[in-house]
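Breakdown of the fold
Letter by letter, the chains look like this.
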Amino acid sequence: MTPTIPGFDYVRLPGADGVELAAAVGGRGSPVVLLHGFPQTHLMWRHVAERLAGEHTVICPDLRGYGASDKPAATGPEVYSKRTMAADVVALAAALGHERFALVGHDRGALVAFRAGLDHPETLTHLGILDVVPTLDMWDVLHGVPAAVGYHLFLMAQPPGLPETMIANSAEAFFGSFLDAWAGDPAAMPEAVRSAYLRACAAAVPSIVADYRASAGIDVTHDQADRDAGSQLAMPVTVVQQDWGAQLGYDAAAVWHPWAPDLDHRLTGAGHFMAEEAPDEITGAIRDLLLR
């Protein structure tokens, strides 16, 4: 049986272009949408969601192409662009009756959240980002031997065919390697949850690769257009990251400031899966953000 978030209801609602998203919804109060990362599902938010549900309506969807959400064929680059995935989230929240909401994303979900902040500034009240830099900047900071940590970004950027075949032929080993290598505290991810992530990812190889491939193409184009136009995030922004800057040789806060004038940038000692490893810290950062 796939684990669920206790006390949350599970729904399927329309996103963009007829795609349906699966989401866990719980709590009562001002709405907060939480977007998961790779190689995970909405379950990564289980601890944070329960904590926030005492004062907020908490919405935890599976992104398109992941988990129990629809996985449309990548008939063009826009199908898994972060612009389209952000439109999914706005449509989902509207279907639940929320025209404005706070949005927090981790990893891939953080890139969707970033795009939502630029494309839908009238909709987002607050924006939280966990452990990424924007797509355009991500490619700029990956250089030299330390960039090997992001080898999967280059693999999944390749033309359709080979990456999907390679990953599908070793799905458990491939996806499991990230769960193991990126965890600061492996005990924070129980076996039932880990297994649920691996099953979900193994069933979604083409769409996960399409999501990453978009970040080597159309997402870069969208980010560059916003940079050229001087676009910025209009809402309060909190970024919580590991100290990737020290490893890869860049100043993470300096990367974020041009995009987010109202920025609270924090470093954490937790691993990449910080919402599971340090839920009190991440819940506290979200609560602080919502007070701004």
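Residues numbered from 1 in each chain as written. Predicted model: local features only at pLDDT ≥ 70, side-chain atom pairs only at ≥ 80, totals over all residues. Heavy atoms only, no water.

Attention now moves to the pattern of salt bridges. Taken as a whole and judged by the stated rule, the model has 19 salt bridges. With a shortest N-O distance of 2.6 Å, Glu 276 and Arg 46 are connected by a salt bridge. Here Glu 276 is found in helix H13 (residues 274–277), whereas its partner Arg 46 is found in helix H1 (residues 46–52), with 230 residues between them in sequence. The burial state of Glu 276 is the same as that of Arg 46; both residues are buried. For the salt bridge of Asp 119 with Arg 83, the shortest nitrogen-to-oxygen distance reads 2.8 Å. Taken together, the positions of Asp 119 in helix H3 (residues 108–119) and Arg 83 in helix H2 (residues 82–95) put the pair 36 residues apart, joining distant regions of the chain. Relative accessible area serves as the criterion here: at 22%, Asp 119 is assigned to the partly exposed category. Salt bridges sharing partners connect three or more residues here, namely Arg 83, Arg 115, Asp 119, Asp 223 and Asp 226. (Salt bridge = Lys/Arg side-chain N within 4 Å of Asp/Glu carboxyl O. Helix = DSSP H or I, 4+ residues; strand = E, 2+ residues; numbered from the N terminus. Buried < 20%, exposed > 50% of the residue type's maximum accessible area, 1.4 Å probe, protein only.)

Right, let's get into the packing of aromatic side chains. Think of a pair of aromatic rings as described by two things: how far the centres are apart, and how the planes are tilted against each other in angle. Inspection of every chain in the model, using the stated rule, returns 12 aromatic pairs. Between Phe 38 and Tyr 212, the ring centres sit 5.1 Å apart and the planes meet at 75 degrees, which makes this aromatic pair edge-to-face. One end of the pair, Phe 38, is in the loop between strand S3 (30–35) and H1; the other, Tyr 212, is in helix H9 (residues 205–214), and 174 residues separate them in sequence. Among the residues examined, Tyr 212 registers a relative accessible area of 2% and is labelled buried. Members of the aromatic cluster, connected to one another through ring pairs, are Phe 38, Tyr 151, Phe 174, Phe 175, Phe 178, Trp 182, Tyr 212 and Phe 273. The cationic tip of Arg 108 hangs over the ring face of Tyr 212; the distance from NZ or CZ to the ring centre is 3.8 Å. (Phe/Tyr/Trp six-rings, centres within 6.5 Å; stacked < 30°, edge-to-face > 60°. Lys NZ or Arg CZ within 6 Å of the ring centre and 35° of its normal.)

Moving on, we get to the pairing of strand S7 (residues 237–241). Judged by how many residues are buried, S7 sits mostly within the fold: 5 of 5 residues are covered. Burial along S7 is two-sided: the residues Val 237, Val 239 and Gln 241 and Thr 238 and Val 240 are all buried. Of the strand pairs in this sheet, strand S6 (residues 124–130) and S7 are connected by 4 bridges, and their pairing is parallel. What sits directly across from Leu 127, in S7, is Val 237. Pairing between S7 and strand S8 (residues 263–267): 5 bridges, direction parallel. Paired with Val 237 across the two strands is Leu 263, which belongs to S8. (Pairing = 2+ DSSP bridges.)

Right, let's get into the packing of H3 against helix H10 (residues 218–229). Where H3 meets H10, the axes come as close as 12 Å, and the angle between the chain directions of the two elements is 40 degrees. On the basis of their axis angle, the class for H3 and H10 is oblique. With respect to the hand of their crossing, H3 and H10 are arranged in left-handed fashion. Across the interface between the two elements, Phe 114, Arg 115 and Leu 118 from H3 touch His 222, Asp 223 and Asp 226 from H10. (Axes fitted to C-alpha atoms, helices over the stretch in contact; angles between N-to-C directions. Parallel < 35°, antiparallel > 145°, perpendicular 65-115°, else oblique. Left-handed = near helix turned anticlockwise from the far one by under 90°. Contact = heavy atoms within 4.5 Å.)

Counting residues in hydrophobic clusters, the biggest one holds 97 residues, and the most contacted among them are Leu 34, Trp 45, Leu 103, Phe 175 and Trp 256. Among the elements that line this core, the one with the most residues is H3, at 7 residues. Once residues lying within four places of it in the same chain are set aside, the contact partners of Leu 103 are Val 33, Leu 35, Val 89, Ala 113, Ala 116, Leu 124, His 126, Leu 127 and Gly 128. (Core = buried A, V, L, I, M, F, W, Y, C linked by side-chain atoms within 4.5 Å.)

Attention now moves to the environment of Thr 84. Structurally, the position occupied by Thr 84 is in helix H2. Residues Thr 84 and Gly 27, spaced 57 residues apart in sequence, show a C-alpha to C-alpha distance of 27 Å. Setting aside its immediate chain neighbours within four residues, Thr 84 contacts Ala 16, Asp 17, Arg 64, Glu 78 and Val 79.

What follows concerns unusual backbone geometry. Omega for the bond connecting Phe 38 with Pro 39 falls within 30 degrees of zero, at -5 degrees, which places this linkage in the cis form. By secondary structure assignment, the location of Pro 39 is in the loop between S3 and H1. Even without being glycine, Asp 107 reaches a positive phi, approximately 55 degrees. Examined against the element boundaries, Asp 107 turns out to sit in the loop between strand S5 (101–106) and H3.

This paragraph deals with the sheet that holds strand S2 (residues 20–27). Think of a sheet as strands paired side by side through backbone hydrogen bonds, with each pair either parallel or antiparallel. Spatially, 8 strands are ordered S1-S2-S4-S3-S5-S6-S7-S8 in an open sheet, and the strand pairing comes out mixed. Of all strands in the sheet, those bounded by a partner on one side alone are strand S1 (9–14) and S8. The average angle at which neighbouring strand axes cross in this sheet is 20 degrees, direction not considered. Against the sheet, H3 touches S3, S5 and S6, its axis set at about 150 degrees to S6.

Before going further, it helps to spend a moment on helix H7 (residues 171–181). Those residues of H7 that sit buried are Ala 171, Phe 174, Phe 175, Gly 176, Phe 178 and Leu 179. In this structure, the buried residues of H7 make contact with helix H5 (151–155), helix H6 (162–168), helix H8 (191–202) and H9.

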